[in-house]
Amino acid sequence: MIPGMNAFSYIPARSDPALPQVLANLYSDTHTRPTPGMRDAMHAAACGDEQAGDDPTVWALCDRMAALLGKEAAVFLPSGTMCNVAALLVHCRPGDEVLAHRTAHIVTSEHGNHAALGGIMIHPLEGKRGLFDVPTLEAALRPRSRYAPPQALLEVEQTANIGGGVVWPQVQLDAVLARGHAAGLATHMDGARLMNAVVAAGIPAAEMVAGCDSVWLDFTKGLGAPLGAVLAGSRAFISEAWRWKQRLGGSMRQGGVSAAACLYALDHHIDRLAEDHANARTLARGLSQISGMVVETPDTNLVFFDPRGAGLTAEAFAAAMRAQGVMVSTMAERVRACTHLDVSAAQIEVALTAARAVCAAT
Ligand SMILES: Cc1ncc(COP(=O)(O)O)c(C=O)c1O
């Protein structure tokens, strides 16, 4: 018997072949498929043993990302989750506390990796739409003592996913990061959708993340690559992150095949994020015209809404949409519809037609 084993299975369910064909996939920006151009770039990639420092394409990606983010160095990791946990493990010691919004991915969606692997605790902060302000941070700061857990790190998420794909106002972001530094904390940004924020705000990435000691960008969200995220920081930080990359099994072999997809995404898939944002606005506008639907105004590519006033729970709405060939996800009482590389303006109309039909049938 495996300790802790019970009837619950962690294995993801396979997709049900009996479900209708997918006409519009708004479930997640992780559902993109590599484009033909990206596949060509992967096919042509020069590669070597990444773990041994011998892969020129991975080095090219890391150098480019360090420059883009205005940091000394960068490391290529398989996923954003590994970037977060490696960063927390470098910044913190067992017993240390991280301050983060209570809806942050590190709180809700990483299966307690920081606690399991590093004995790290998270102090959850309140605030509207995934953001918090300086007074909220100040109220959570404690003087050093022999009793309270040491506070080591302040974490922010850009964009704030569960907050609604919200972009931090730059003044607020700079202020909380500066206050964290003043309190002796290191600062870390989960930049899973950082480039969505950069495109939406029109602020260069390096400027946006200047107050962060470490920051990472995911290539498997709106940027459309099949694998990979890049974590950046000081040379000393990245040296320590490499230890965790190795320990966690994140060192690769011919990583250049994946890094080539990421480089392709940097060249071809950043400016076009504006199309995803425009599609999200069109979707939000159309949904808000359905009687009873409460729609949060999107900053970027995530549209959150509550269909209960239209007569359906979030789960019931998502199931009814799936029956019409449209995929959306749910988060508690809200539905999340996500625009990305593989969602066209025409598919937004398909989704709106389905939503109107689903609500009219209640
Ligand atoms: C805000 C945020 N952080 C981290 C992650 C984890 O990224 P990955 O799926 O690459 O592990 C996600 C993924 O959805 C996310 O939305």
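Residues numbered from 1 in each chain as written. Predicted model: local features only at pLDDT ≥ 70, side-chain atom pairs only at ≥ 80, totals over all residues. Heavy atoms only, no water.

(A) Examining unusual backbone geometry more closely. With omega at -5°, the peptide bond leading from Q158 into T159 counts as cis. Relative to the helices and strands, T159 resides in the loop between β5 (151–157) and α7 (161–164). In this structure, A332 is a non-glycine residue whose phi angle is positive, near 55°. Positionally, A332 belongs in the loop between β12 (329–331) and β13 (334–338). (Helix = DSSP H or I, 4+ residues; strand = E, 2+ residues; numbered from the N terminus.)

(B) Quick look at the sheet that holds strand β9 (residues 294–295). The antiparallel open sheet is built from 4 strands, whose spatial order is β9-β10-β13-β12. Sheet topology places β9 and β12 at the edges, where each strand pairs with a single neighbour. Relative to β13, strand β10 (residues 302–306) runs antiparallel, the two being bridged by 4 bridges. Pairing of L302 across the sheet is with C338, part of β13. Across the sheet, helix α13 (residues 273–288) is in contact with β9, β10 and β13; its angle to β10 comes to roughly 15°. (Pairing = 2+ DSSP bridges. Contact = heavy atoms within 4.5 Å. Axes fitted to C-alpha atoms, helices over the stretch in contact; angles between N-to-C directions.)

(C) Quick look at the sheet that holds strand β7 (residues 214–218). Taken in spatial order, the 7 strands make up an open sheet running β2-β8-β7-β6-β5-β3-β4, and their pairing is mixed. Two strands in the sheet have a free side with no partner beyond their single neighbour: β2 (73–77) and β4 (121–125). If you compare each strand with its neighbour and ignore which way they point, the axes differ by 20° on average. Strands β2, β7 and β8 (229–233) of the sheet are contacted by helix α11 (residues 235–247), whose axis makes an angle of about 20° with β2.

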